[in-house]
Amino acid sequence: MNELQAKVYEIWQEIDKVCRNNKIEYFAIGGTCLGAVRHKGFIPWDDDIDIAIPIENYERFIKIAQKEMPSYLTVRFPNDFYKYTSMFIKIVDKRTTLIENGKGVEEYDGVFVDVMPLSGIPSKKIQRYFFAKKLLLYQKLNYKRRRGFYENDSLLGKGIWCITYLFLRNHSFDYYYKKYYKEIKKYKFYESEYTGYSWSPVRIYKEIYRREVFSPAQYLDFENDQIPCPHDPHSFLTGMFGEYMVVPEIKEREWHTSFYDLSRPASYYRNNQEKVQNRMQEDKK
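Residues numbered from 1 in each chain as written. Predicted model: local features only at pLDDT ≥ 70, side-chain atom pairs only at ≥ 80, totals over all residues. Heavy atoms only, no water.

*Asks:* Can you lay out the pairing of strand β2 (residues 50-54) for me, pointing to particular residues and giving the numbers?
*Replies:* Burial analysis of β2 places five of its five residues in the buried class, which makes it a mostly covered element. Two strands pair when backbone bridges link them, and strand β1 (residues 27-28) and β2 are joined in this way by two bridges, in the antiparallel orientation. Bridge pairing links Ala28 to Ile51 in β2. The pairing of β2 with strand β6 (residues 112-118) spans five bridges and is classified as parallel. Bridged to Ile53 within β6 is Pro117. (Buried < 20%, exposed > 50% of the residue type's maximum accessible area, 1.4 Å probe, protein only. Helix = DSSP H or I, 4+ residues; strand = E, 2+ residues; numbered from the N terminus. Pairing = 2+ DSSP bridges.)

Below, the structure written as structure tokens:
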């Protein structure tokens, strides 16, 4: 592990401790599950950990984590930052700073682990279609409500923003996130036949899994420990990545972080972007 991966790994260990002690099932998903299967740890060029907790236990996990995790770790909610557009929480190390690619000063915080709510999805295709459409609408409106005029690159984008903002301004900036979360809570994970990426509605259309693909979790080697992954990781990873054991070419490998500092909190940088630029220049040297 490099130093950033090691820090993310430490955060995950604290999350894992909370979940084990309180019998909360969770699953490593995305590149984290792929890393466990293909590399028995982090994908060498990856820099985060993604986990999903069944919707029945999501709020319970948050409440317990706030009490039992070390004081330097905090639960970062979508409501905490005006520009935060993700539909899930992060567990953040407040002592550090991290900026993701494409993010700005209003969106960054410390090194983190992503924690997604894993809901069920409707069994019937027509219901699933409208469920996904509704979630996608809430996600897009949430994004538009939290973004400004100048953050749209094209003239068309600026024009659409002007039109939609006349309507969106009547709602609080977290209105659509709350609508989205209320919707996914209708479909309990353990009571549903199917599940999928409800925190990323675009993917629901393609990445649909029977609940048995996920639960009960299967523990796989991950660095110096084991991490719970979907019960049938092959079906999960095939659905998400296709030929997942094929290592991608160097040009196709993605590193999600543009800047990090493991020794200073985000408050050190937030009000002085010159410090960020200077540090990034030093790193390049």
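*Asks:* Run through the confidence of the model for the protein chain, naming residues and quoting values.
*Replies:* Scored by pLDDT, the protein chain comes out at a mean of 87, with 89% of its residues at no less than 70. Within the protein chain, the lowest mean pLDDT, 59, falls on helix α11 (residues 273-284), and the highest, 98, falls on β1. (pLDDT = per-residue confidence, 0-100.)

*Asks:* Which residues make up the environment of His39, and what values do they have?
*Replies:* Its location among the elements puts His39 in the loop between α2 (30-38) and β2. Distance in space between the C-alpha atoms of His39 and Asp221 is 9.1 Å, their sequence separation being 182 residues. Excluding residues within four positions of it along the chain, His39 makes contact with Leu34 and Pro44. Within the local environment of His39, its side chain forms a polar contact with the side chain of Arg38, the two groups lying 2.9 Å apart. (Contact = heavy atoms within 4.5 Å. Polar contact = N/O pair within 3.5 Å; in protein donor to acceptor, adjacent residues only side chain to side chain.)

*Asks:* I'd like a rundown of empty space enclosed by the protein, residues and numbers included.
*Replies:* Vacant regions in the atomic arrangement are exposed by a probe of water-molecule size rolled over the atoms. This structure, assessed with the given rule, holds two cavities of 30 Å³ or more. By volume, the second largest cavity is sized at about 50 Å³. As for the second largest cavity, its lining consists of Val8, Asp47, Asp48, Leu98, Glu100, Val111, Phe112, His256 and Thr257. Here the lining of the second largest cavity is built from residues that sort into four nonpolar, two polar and three charged. (1 Å grid on protein atoms, 1.4 Å probe; cavity = no way out; pocket = protein on both sides within 12 Å on 5 of 7 lines; lining within 4 Å. Points joined across faces, edges and corners; volume = space filled by probe spheres on them. Nonpolar A, V, L, I, M, F, W, Y, C, P; charged D, E, K, R; others polar.)

*Asks:* An account of the packing of helix α1 (residues 3-21) against helix α3 (residues 55-68) is requested, with residue identities and associated values reported.
*Replies:* Between α1 and α3, the least distance of the axes is 10 Å, while the angle of their chain directions is 115°. In this structure, the crossing between α1 and α3 has a hand that is right-handed. For the pair α1 and α3, contact is made by Ile15, Val18 and Cys19 and by Phe61, Ile64, Ala65 and Glu68, respectively. Grouping the amino acids of the contact of α1 with α3 by side-chain chemistry returns six nonpolar, no polar and one charged. (Axes fitted to C-alpha atoms, helices over the stretch in contact; angles between N-to-C directions. Left-handed = near helix turned anticlockwise from the far one by under 90°.)

*Asks:* Would you mind going over the nonpolar core in detail, with residue names and values included?
*Replies:* Within the largest apolar cluster, 72 residues are counted, with the highest numbers of intra-cluster contacts made by Phe61, Ile91, Val115 and Phe236. Tallying contributions element by element places α1 first for this core, with eight residues. Among residues more than four places away in sequence, those in contact with Phe61 are Ile15, Val18, Cys19, Ile24, Ile53, Ile89, Ile91 and Val115. (Core = buried A, V, L, I, M, F, W, Y, C linked by side-chain atoms within 4.5 Å.)

*Asks:* Summarise the sheet that holds β1; cite the residues concerned and give the values.
*Replies:* Strand order in the open sheet formed by five strands is β1-β2-β6-β4-β3, with mixed pairing between adjacent strands. The open sheet has two free edges, formed respectively by β1 and β3 (73-76), since each of these has just one partner strand. α3 rests against β2, β3, β4 (89-93) and β6 of the sheet, and its axis sits at about 115° to β2.

*Asks:* Can you lay out the packing of α2 against helix α9 (residues 233-241) for me, pointing to particular residues and giving the numbers?
*Replies:* One can describe the packing of α2 onto α9 by two numbers: an axis separation of 10 Å at closest approach and a directional angle of 125°. With respect to α9, the axis of α2 lies oblique. As for how α2 packs across α9, the hand of that crossing is left-handed. Two secondary-structure elements touch here, α2 through Gly30, Gly31, Cys33, Leu34 and Val37 and α9 through Pro233, Phe236, Leu237, Met240 and Phe241. (Parallel < 35°, antiparallel > 145°, perpendicular 65-115°, else oblique.)

*Asks:* Tell me what's going on with the side chain of Thr96, and back it up with residues and numbers.
*Replies:* Checked against the element boundaries, Thr96 lands in the loop between β4 and β5 (97-100). Overall, Thr96 belongs to the buried group, its relative accessible area being 1%. At 2.8 Å, the side chain of Thr96 and the backbone oxygen of Asp93 are in polar contact. Excluding residues within four positions of it along the chain, Thr96 makes contact with Lys7, Asp109, Gly110, Val111, Asp261, Leu262, Arg264, Pro265 and Ala266.

*Asks:* Lay out the sheet that holds strand β7 (residues 120-121) with the relevant residues and their values.
*Replies:* Through backbone hydrogen bonds, the strands of a sheet pair up, either in parallel or in antiparallel fashion. Strand order across the open sheet formed by three strands is β7-β8-β9, with antiparallel pairing between neighbours. If you trace the sheet from one side to the other, it starts and ends with β7 and β9 (208-210), each paired once. Alignment of β7 against strand β8 (residues 194-196), held across two bridges, turns out to be antiparallel. Paired with Ile121 across the bridge in β8 is Tyr194.

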